[in-house]
Amino acid sequence: MQALMEASTPESQAIIREALQKNFNNEVKAERMLGELSFVKNPTVETENYVRSLLDLGSPRQKDNADFSLTSIGHFLRDKEQNRAESILNLFQEKLESSESDKERTIHYLAAIGNIGIPAQLVIVEKYLTSEDLEVKEKATKALRFIEDAKAKNLLIAALSDPDEKIRETAAFSLGF
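Here is a short report on the structure shown in this document. (Residues numbered from 1 in each chain as written. Predicted model: local features only at pLDDT ≥ 70, side-chain atom pairs only at ≥ 80, totals over all residues. Heavy atoms only, no water.)

Digging into empty space enclosed by the protein
Then step 1. Summed over the entire model, instances satisfying the criterion amount to 1 cavity of 30 Å³ or more.
Then step 2. A volume near 70 Å³ is recorded for the largest cavity.
Then step 3. Taken together, Leu20, Phe24, Glu27, Ala30, Glu31, Leu34, Leu54, Gln62 and Asn65 form the lining of the largest cavity.
Then step 4. For the lining of the largest cavity, the secondary-structure elements that each account for two or more residues are α3 (27-38) and α5 (60-77).
Then step 5. Ranked by residue count, the leading element in the lining of the largest cavity is α3, at 4 residues.
Then step 6. Its residues assigned to classes, the lining of the largest cavity shows 5 nonpolar, 2 polar and 2 charged. (1 Å grid on protein atoms, 1.4 Å probe; cavity = no way out; pocket = protein on both sides within 12 Å on 5 of 7 lines; lining within 4 Å. Points joined across faces, edges and corners; volume = space filled by probe spheres on them. Helix = DSSP H or I, 4+ residues; strand = E, 2+ residues; numbered from the N terminus. Nonpolar A, V, L, I, M, F, W, Y, C, P; charged D, E, K, R; others polar.)

So this is what it looks like as structure tokens:
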């Protein structure tokens, strides 16, 4: 499977999608194959749409894995097809906004959004950087790690002076990307 992922051709992606479809009920195999789709360097529209179709299927863990897979696809699209990456970001912005009363889901969606790494996510994440909840604040800080933007870097530099040690550590980690 890894060789297929590394090939990143439309044909190799189709083979992984087909294998995932056949093995979807085996969570261990399905998770591994979805992970392979997450890291194809040139995700096709078909792969993106297939992963989108998985967002509401299977167990909660499978749904969460599909979230992370789709936002990883967004990461690989960010320099090549920014409109597709922004479409993925918009989907997760909606999910984040609808989950604000559920801390666990808020943290999950901040983590997922953090995979994409486009400047447009800064506006979404920024308000969570001042959260009273340290777990939410930490995920928001980490969600800046892939954004190649001066404002994102400045926010991370400012977080190095946060009173909370975990926030400072996360900021330092995130500046390393």
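Observations regarding the packing of helix α7 (residues 103-114) against helix α9 (residues 134-142)
Then step 1. Their axes nearest at 8 Å, the elements α7 and α9 cross at an angle of 10°. With respect to α9, the element α7 is oriented roughly parallel. When α7 is examined against α9, the residues Lys103, Thr106, Ile107, Leu110 and Ala111 are found in contact with a partner set consisting of Glu135, Val136, Lys139 and Ala140.
Then step 2. Looking at the contact of α7 with α9 residue by residue, the class counts come to 5 nonpolar, 1 polar and 3 charged. (Axes fitted to C-alpha atoms, helices over the stretch in contact; angles between N-to-C directions. Parallel < 35°, antiparallel > 145°, perpendicular 65-115°, else oblique. Contact = heavy atoms within 4.5 Å.)

Some details on the packing of helix α2 (residues 10-22) against helix α4 (residues 45-54)
Then step 1. As a packed pair, α2 and α4 sit with axes 10 Å apart at the nearest point and diverge in direction by 20°. The orientation of α2 with respect to α4, classified from their angle, is roughly parallel. Where α2 crosses over α4, the two elements pack in a sense that is left-handed. Residues Gln13, Arg17, Leu20 and Gln21 of α2 form the contact with α4, whose participating residues are Glu46, Thr47, Tyr50 and Leu54.
Then step 2. Across the contact of α2 with α4, the residue classes break down as 3 nonpolar, 3 polar and 2 charged. (Left-handed = near helix turned anticlockwise from the far one by under 90°.)

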